[in-house]
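# Residue-level structural notes
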Amino acid sequence: MNEKSSGQSEVIFGPVPSRRLGMSLGVDVIPMKICSYDCIYCELGRTTHLIIERKEYVPEKTIVRSMERYFAKKHDAPLDYVTFSGSGEPTLNSKIGVLIRRLKELTDTPVAVLTNGSLLNDPQVRQDLMPADLVIPSLDAAEQKTFIKVNQPEASLDVSDIIHGIHQFSKEFQGEIWLEILFVKGVNDHPDHIRKLSEAARLINPTRIQLTTVVRPPGKGFAPPIDMDKLNEISSQFSGNVEVVADLTRHGNPAYKEDKGNDVIAMLKIRPMTLEDISSSTGMHRNEVIKYVDQLRREHTVNSVEFSGKTYFTIDRE
Ligand code: SF4
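Residues numbered from 1 in each chain as written. Predicted model: local features only at pLDDT ≥ 70, side-chain atom pairs only at ≥ 80, totals over all residues.

### Considering the overall build of the chain
Put simply, the rule reads: A helix here means a DSSP run of H or I that spans at least four residues, while a strand means a run of E at least two residues long, and both kinds are numbered starting from the N terminus. Here a residue counts as buried when 20 or more other C-beta atoms sit within 10 Å of its C-beta, as exposed when there are 12 or fewer, and as partly exposed otherwise, the C-beta atoms being derived from the backbone. Whether two residues are in contact depends on their C-beta atoms, placed from the backbone: they are in contact if these lie within 7 Å.
Check the secondary structure of the chain and you find ten helices and twelve strands. The buried share of the chain, taken over its 318 residues, is 45%. Considering only residue pairs separated by 6 or more positions, the chain has 74% of its internal contacts joining residues 24 or more positions apart.

### Some thoughts on the packing of helix H9 (residues 275-282) against helix H10 (residues 286-298)
If you want to describe how two helices pack, look at the angle between their axes and the distance between the axes. Put simply, the test is: For helices, the fitted line uses only the C-alpha atoms of the stretch in contact; every axis is such a line through C-alpha atoms, and the angle between N-to-C directions lies from 0 to 180 degrees. For classification purposes, angles smaller than 35 degrees are called roughly parallel, those larger than 145 roughly antiparallel, those between 65 and 115 roughly perpendicular, and all remaining angles oblique. Note on convention: near helix rotated counterclockwise from far helix by under a right angle means a left-handed crossing. Clockwise means right-handed.
Their axes nearest at 9 Å, the elements H9 and H10 cross at an angle of 110°. Classified by the angle their axes make, H9 and H10 are roughly perpendicular. Crossing hand, H9 versus H10: right-handed. Seen from H9, the contacting residues are Leu275, Ile278 and Ser279; seen from H10, they are Arg286, Val289, Ile290 and Val293.

### Digging into the sheet that holds strand E7 (residues 134-137)
Test applied: Paired strands are those between which DSSP finds at least two bridges.
Pairing within the open sheet is mixed, and its eight strands lie in the order E1-E2-E5-E6-E7-E8-E9-E10. Every interior strand has two partners, whereas the edge strands, strand E1 (12-18) and strand E10 (242-244), have only one. Taking the axes of each pair of neighbouring strands and ignoring which way they run, one obtains an average angle of 25° across the sheet.

### What about the pairing of strand E9 (residues 208-213)?
Put simply, the test is: When the strands point away from the viewer and the connection leading from the first strand across the helix to the second strand turns clockwise, the crossover is called right-handed.
The element E9 is extensively covered by neighbouring structure, given that five of its six residues are classed as buried. Where strand E8 (residues 176-183) meets E9, six bridges bridge the pair, whose relative direction is parallel. Following the sheet pairing, Trp178 is matched in E9 by Arg208. Assessed by its sense of winding, the connection that carries the chain from E8 through helix H6 (residues 191-204) to E9 is right-handed. Relative to E10, E9 is paired through three bridges, and the arrangement is parallel.

### Quick word on the site of the ligand
Filter applied, for reference: Placing the C-beta atom from the backbone, one calls a residue near a molecule or strand if that atom lies within 6 Å of it. Here the nonpolar group is Ala, Val, Leu, Ile, Met, Phe, Trp, Tyr, Cys and Pro; Asp, Glu, Lys and Arg are the charged ones; every other residue, Gly included, is treated as polar.
Taken together, eleven residues form the shell around the ligand, and within it Cys35, Tyr37, Cys39, Cys42 and Asn116 come nearest. Here the shell around the ligand is built from residues that sort into five nonpolar, three polar and three charged.

### Quick notes on the packing of helix H1 (residues 60-72) against helix H2 (residues 96-106)
Running from N to C, H1 and H2 point in directions that differ by 15°, and their axes come no closer than 10 Å. Judged by the inter-axis angle, H1 sits roughly parallel to H2. Crossing geometry of H1 relative to H2 is assigned as right-handed. For the pair formed by H1 and H2, the contact residues are Glu60, Ile63, Val64, Met67, Glu68 and Phe71 on the first element and Val98, Leu99, Arg102, Leu103 and Leu106 on the second. Taken together, the residues that form the contact of H1 with H2 break down as eight nonpolar, no polar and three charged.

### Side note on the pairing of E7
Here E7 shows a buried face lined by Leu134 and Ile136 and a second buried face lined by Val135 and Pro137. In this structure, strand E6 (residues 111-115) lies alongside E7, joined through four bridges in parallel fashion. Paired with Thr115 across the two strands is Pro137, which belongs to E7. As a crossover connection, the stretch from E6 through helix H3 (residues 123-129) into E7 is right-handed. Two strands pair when backbone bridges link them, and E7 and E8 are joined in this way by two bridges, in the parallel orientation. Across the sheet, residue Val135 finds its bridge partner in E8, namely Ile177.

### Observations regarding the environment of His167
With respect to the helices and strands, His167 occurs in helix H5 (residues 159-172). Taking the number of C-beta atoms within 10 Å as the measure of exposure, His167 has 16 and is therefore partly exposed. When the C-alpha positions of His167 and Asn121 are compared, they lie 9.0 Å apart, and in sequence the two are 46 residues distant. Sequence-distant contacts of His167, defined by excluding residues within four places in its chain, comprise Leu203 and Ile204.

### Let's talk about H6
Operational definition: A helix is expected to span 1.5 Å for every residue after the first. The directions from the helix axis to the C-beta atoms form the arc being described.
For H6, built from 14 residues, the straight-helix expectation of 20 Å at 1.5 Å per residue is met to within 8% by its first-to-last C-alpha distance of 20 Å. Taken residue by residue, H6 has Leu197, Ser198, Ala200, Ala201 and Ile204 as its buried positions. Projected onto a plane normal to the axis of H6, the buried residues spread over an arc of 160° and lie on a single side. Residues of H6 that are exposed and point more than 90 degrees away from the buried face comprise Pro191, Asp192 and Arg195. Looking at the buried residues of H6, the elements they touch are H5, E8 and E9. Following H6 by one or two positions, Asn205 adopts a phi angle in the positive range, close to 55°.

### Quick notes on the nonpolar core
Stated formally: A set of buried residues drawn from Ala, Val, Leu, Ile, Met, Phe, Trp, Tyr and Cys, joined through C-beta atoms within 7 Å, is what defines a nonpolar core.
By size, the foremost hydrophobic cluster in this structure holds 68 residues, and its most contacted members are Val29, Ala112, Ala132, Leu179, Ile181 and Val184. The residues touching Val29, leaving out its near neighbours within four places in the chain, are Val58, Ile63, Phe84, Gly86, Pro90, Asn93, Ile96 and Leu99. The next biggest cluster of nonpolar side chains, apart from the first, holds twelve residues, and it includes Val264, Ile278, Val289 and Ile290.

Next up, the structure:
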């Protein structure tokens, strides 16, 4: 992994203010975009490697070195969490267990893992996540047909096994589990399906259930959000500690800062750029760039166009 010109490493990003995790330092253990899913709403764009094989996609040594370097320095900003997330599914990194343990030696800050939960049926994956303090698995479907529509998973994945895996993990894990469910209008919001999801959530029995919807137009296809009234109505069908989180971002994106947004606008006025282009020009992590592009798209300042299989962001020049 290269060091960015700003001095920020590709592996560590932030700390950035996050709505649900406070000040969170991100550890990205998966290169763009290796995932076991290709969700229709994914803000990172299309999955280029749809796989379930666990490997050291980013070498353990590289990640440990980045973490050690970060924690060797004194930082003024207080941290609420160090969060394993990534440009894909973090549990696909076969060294995640070693990495979490090493991190716990380096800092007392609680460790969170954002995962799509697809590998939790594997006892080794569950074991790897044991030293974490908080695990946030997502679950958008409770039946295979809907699972395929919304998450477009790797062919061998079965959603019943995944629910079983998350349930098993919740029985074994000593920390907190926040189950995140994202609704896409017309895809996984049918009343029968909501009932099945609510039954799955009851079985898993997480510390919290967070319901959300698409907050941005994704870089491909069409994944419409459901409206807030409907999301609130759905929440009444779930039992336990349920909350509606309107602006939840699945990859732990940072909060918006005006000056950085203006930098993105200035660059896009010169030429259309992909997420990668903006990231390498600004030194911001891809997940950080997404936040700015999302906000600017919501304000209709920035448009996106597909060209040769890539999403380019553009801005109308005055
Ligand atoms: S939203 Fe997360 S789980 Fe879904 S495709 Fe994107 S990276 Fe993978």
